Amino acid sequence: SAVVAFLQALGCIPLRKWTIGISAQVILGSIIILAALILAVISVGELVGVMLTGILMVAIGVAVGPLFVACAVCRWSSDFFKGWLKFLLGASAYQMIISVVLTLVSSLLTAAQTQISSVNPATADSTSGLSIAGLLGLLGITWILTHLFKEIPRIASSLFGGGASGHASFNRAANSMA
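Note that this is a predicted model, so its numbers are computed, not measured.

## Quick word on the overall build of the protein chain
Helix and strand counts for the protein chain stand at seven helices and zero strands. Counting from the amino terminus, the protein chain carries its helices and strands in the arrangement α-α-α-α-α-α-α. Going through the 178 residues of the protein chain one by one, you find that 26% of them count as buried. Per element, the accessible surface of the protein chain, about 11100 Å² overall, is 73% carbon and sulfur.

This is how it looks when you write it as structure tokens:
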């Protein structure tokens, strides 16, 4: 009884109200949260890979730019300049598409964060806390973000063409190295 009183004073779930249903809900919720966490790590890896690739491509394009600008002078070498310009626009599209995608999903991420932070384990009634449906929604959001971040290079390629046709991510690089 002293342990129960101590846990209740801390705001934990009362131990007397644990049943098989609540235990199953906690286990299932933990599995869903773990899966959402894994997908979130994968999506951050995809986003970081695409962001670093875009920065690197722009840096390479700017570094070799003076050579290709000089090619614009002659008619027979103007195709080199056009190819470089197309590459630079395609590489710059990475950064633009990333900012647009992050702007669009920021409200979705804010709503999910508000829902998760409103969980109060001190109350044991069925209306408080995060439900299994809410956890499945969180899992769906992370799955969508993972696939959306993977598609940023294809979106940039379809908009601008040029140098944005590859797919770069830390996750794919790690899989190919393994």
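## Description of the side chain of S78
Its location among the elements puts S78 in helix α4 (residues 78-117). A polar contact of 3.0 Å, which involves the side chain of S78, links it to the backbone oxygen of R75.

## With respect to helix α6 (residues 152-160)
Buried within α6 are the following residues: I152, P153 and A156. Buried positions in α6, seen along its axis, are confined to an arc of 100° and lie on one side of it.

## Considerations on the nonpolar core
Residues F149 and I152 are the most contacted members of the largest nonpolar core, which totals 18 residues. Among the secondary structure elements, those contributing two or more residues to this core are α2 (20-63), α4, α5 (132-150) and α6.

## Overview of the packing of aromatic side chains
According to the stated counting rule, one finds two aromatic pairs in the structure shown. With a centroid separation of 6.5 Å and an interplanar angle of 5°, the aromatic rings of F68 and W84 are classed as stacked. With a gap of 16 residues between them, F68 in helix α3 (residues 65-71) and W84 in helix α4 connect regions that are remote in the sequence. Accessibility expressed as a relative area gives 26% for F68, which makes it partly exposed. What makes W84 buried here is its relative accessible area of 12%. Residues F81 and W84 carry aromatic rings whose centres are separated by 5.8 Å and whose planes lie at 35° to one another, so their mutual orientation is tilted. One end of the pair is F81 and the other is W84, both in helix α4 and three residues apart, which spans about a single turn. For F81, a relative accessible area of 23% translates into the label partly exposed. Following the ring pairs from residue to residue traces out a cluster consisting of F68, F81 and W84.

## Digging into α5
For α5, which comprises 19 residues, the first-to-last C-alpha distance of 27 Å matches the rise-based estimate of 27 Å (1.5 Å per residue) to within 8%. Listing the buried residues of α5 in full gives I132, L135, L138, I141, T142, L145, T146 and F149.

## Considerations on the environment of V101
Here V101 shows up in helix α4. Between the C-alpha atoms of V101 and L148, which are 47 residues apart in sequence, the distance is 8.2 Å. Apart from residues no more than four positions distant in its own chain, V101 is found in contact with L148, F149 and I152.

## As for the pattern of salt bridges
Charged atoms that come close allow side chains of opposite charge to pair. Using the criterion set out here, one finds one salt bridge in the structure. Across the pair R154 and E151 runs a salt bridge whose closest N-O atoms are separated by 2.8 Å.

## Examining the environment of S131
Residue position: S131 is located in the loop between α4 and α5. Here the alpha-carbon distance between S131 and V26, two residues 105 residues apart in the chain, equals 10.0 Å.

## Digging into the confidence of the model for the protein chain
Confidence in the prediction of the protein chain, expressed as mean pLDDT, is 76, and 69% of residues score 70 or more. Ranking the elements of the protein chain by mean pLDDT puts helix α7 (residues 170-177) last, at 53, and α3 first, at 89. Low pLDDT, under 50, characterises residues 122-127; the stretch is placed with seven contacts to residues that sit more than four places away or in other chains.

Rules used in this analysis
- Residues numbered from 1 in each chain as written.
- Predicted model: local features only at pLDDT ≥ 70, side-chain atom pairs only at ≥ 80, totals over all residues.
- Heavy atoms only, no water.
- Helix = DSSP H or I, 4+ residues; strand = E, 2+ residues; numbered from the N terminus.
- Buried < 20%, exposed > 50% of the residue type's maximum accessible area, 1.4 Å probe, protein only.
- Areas by Shrake-Rupley, 256 points an atom, 1.4 Å probe, with all protein chains shown as cover.
- Polar contact = N/O pair within 3.5 Å; in protein donor to acceptor, adjacent residues only side chain to side chain.
- Arc of directions from axis to C-beta.
- Core = buried A, V, L, I, M, F, W, Y, C linked by side-chain atoms within 4.5 Å.
- Phe/Tyr/Trp six-rings, centres within 6.5 Å; stacked < 30°, edge-to-face > 60°.
- Expected span 1.5 Å × (residues − 1).
- Contact = heavy atoms within 4.5 Å.
- Salt bridge = Lys/Arg side-chain N within 4 Å of Asp/Glu carboxyl O.
- pLDDT = per-residue confidence, 0-100.

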